[in-house]
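Listed below, chain by chain, are the residues.
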Amino acid sequence: MLLATVLLNGFKSLVTSAMSSNKFNVVFVLGGPGAGKGTQCARIVAEYDFVHLSAGDLLRAEHQRENSKYGAIIDEYIKDGNIVPVAITCKLLEQAMQQSRSNKFLIDGFPRNQDNLDGWEKEMGDKTNILCVLFFDCPREVCVQRCLSRGAAGSGRADDNEKSLVKRLDTYMSCTMPIIEYYDKKNLVRKFDASPPADKIFAEVSKLFNSL
Ligand code: UP5
Ligand code: MG
């Protein structure tokens, strides 16, 4: 109990000093496909003063934008469950951050490999404070079931099918887990069991955000 209080106070002071600068404040949100990153982010922004930026949504919107020079490449990467080159994703994220009036962001689904991490640190490292990394830990079969159900319900996503999901999950395990481990070594990761109902997960997430 005492240790938990000490850790929470340490975390609070870390966050307070990080937030006091003029930089963008960022919470990264990671977890497997269908882990519930978007669902939890929607709930967080409804109650707390953060703006939600989903890297996947930004890429899908760019793919659909008329005359986008990246449309074809994004389509190819997403369908194959691969990770789009960081220059494209980072540019979209930075644009969205600059256009927002906020300086507190939930960045959902990024960084998901070493290329993303290197590109982010090079372009955005000096302009941002990373407050923490939310990690929604979800069993593989639950991830698959959620994405397939969403696809069957008409999500329209090119990657909500069995073939893409095999690749998405492999990419997550081989490329994204090492990034989560990298941040864990920096003591920035806050892990949540992503299998219970969304309300129950959010009750845990709220405890963290109430302390920010
Ligand atoms: N659901 C959610 N929570 C639930 C719960 N607790 N109990 C029961 N059901 C729950 O949820 C998925 C589904 O599950 C929904 O139907 C929801 O109602 C239900 P969601 O909140 O959408 O989960 P999320 O983790 O956001 O799943 P998503 O499919 O969006 O995760 P991905 O990481 O696969 O998708 P993303 O959009 O981030 O990326 C897609 C692709 O874009 C990547 O594979 C990659 O090719 C590309 N990409 C990049 O290249 N670079 C990037 O930086 C980002 C993406
Ligand atoms: Mg999502």
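Quick caveat: nothing in here was measured; it's all calculated off a predicted structure.

What counts and how
- Every chain is numbered independently, its residues counted from 1 as its sequence is written.
- Both sets of labels track the order of writing: A upward for chains, 1 upward for ligands.
- Reporting in this predicted model follows two pLDDT cut-offs: at least 70 for local features of residues, and 80 or more for side-chain atom pairs to be given and counted; totals over whole chains, interfaces and linings ignore these cut-offs and use all residues.
- Just so you know, side-chain values use all the structure's heavy atoms and leave hydrogens and water out.
- Throughout, the term near means that a residue has one or more heavy atoms lying within 4 Å of the molecule or strand in question.
- Two N or O atoms form a polar contact when they lie within 3.5 Å of each other; inside protein one atom must be a possible hydrogen donor and the other a possible acceptor, and for residues adjacent in sequence the pair counts only when both atoms belong to side chains.
- Here a cavity denotes a set of grid points, spaced 1 Å apart and computed over the protein atoms alone, in which a 1.4 Å probe fits but from which it cannot get out, and a pocket denotes an open set meeting protein on both sides within 12 Å along at least five of seven lines; residues with an atom within 4 Å of a point are reported as lining.
- Here the criterion for a molecule occupying a pocket or cavity is that more than half of its atoms lie within 2 Å of the pocket grid points.
- Only DSSP runs of H or I reaching four residues or more are called helices, and only runs of E reaching two or more are called strands; each is numbered from the N terminus.
- Residues are grouped as follows: Ala, Val, Leu, Ile, Met, Phe, Trp, Tyr, Cys and Pro are nonpolar; Asp, Glu, Lys and Arg are charged; all remaining types, including Gly, are polar.
- Lines fitted to C-alpha atoms define the axes here, with helix axes fitted over just the stretch in contact, and angles between the N-to-C directions of these axes take values from 0 to 180 degrees.
- Roughly parallel here means an angle under 35 degrees, roughly antiparallel means over 145, roughly perpendicular means 65 to 115, and every remaining angle is called oblique.
- We call a crossing left-handed when the near helix sits turned anticlockwise from the far one by less than a right angle, and right-handed when that turn is clockwise.
- Residue contacts follow a heavy-atom distance rule, with two residues in contact if any of their heavy atoms lie within 4.5 Å.
- Think of it in three bands: with a 1.4 Å probe and only protein chains considered, a residue is buried below 20% of the maximum accessible area for its type, exposed above 50%, and partly exposed in between.

**Q** Provide a residue-level description of the site of ligand 1, including the pertinent values.
**A** Around ligand 1 sit 31 residues, and of these Thr39, Asn82, Val84, Arg150 and Arg168 come closest. Proline 196 is positioned such that a nitrogen or oxygen atom in its backbone is 2.9 Å from a nitrogen atom of ligand 1. One can see that ligand 1 is located within the largest pocket. At the level of elements, α2 (37-47), α3 (55-64), α4 (71-79), α7 (140-152) and α9 (198-210) are the ones that each hand at least two residues to the shell around ligand 1. Here the element with the most residues in the shell around ligand 1 is α3; it accounts for four residues. Residues belonging to the shell around ligand 1 are distributed by class as follows: 13 nonpolar, 10 polar and eight charged.

**Q** Tell me about the packing of helix α5 (residues 86-99) against helix α6 (residues 114-124), residues and numbers included.
**A** In contact at an axis separation of 9 Å, α5 and α6 are set at 45° when each is read in the N-to-C sense. Relative to α6, α5 is oriented oblique. The two elements α5 and α6 cross, and the hand of that crossing is right-handed. Residues Val86, Cys90, Leu93, Glu94 and Met97 of α5 pack against Asp115, Asn116, Gly119, Trp120, Glu123 and Met124 of α6. Classifying every residue of the contact of α5 with α6 gives six nonpolar, two polar and three charged.

**Q** Lay out the environment of serine 102 in plain terms, naming residues and giving numbers.
**A** Examined against the element boundaries, serine 102 turns out to sit in the loop between α5 and β3 (104-108). The exposure class assigned to serine 102 is buried, which follows from its relative accessible area of 17%. Expressed as a C-alpha distance, the spacing of serine 102 and glycine 71, which sit 31 residues apart in the sequence, is 28 Å. Discounting chain neighbours no more than four positions away, the residues touching serine 102 are Phe24 and Val51. At a separation of 2.9 Å, a polar atom in the side chain of serine 102 contacts the main-chain amide nitrogen of lysine 104.

Honestly, it's all geometry; don't read function into it.
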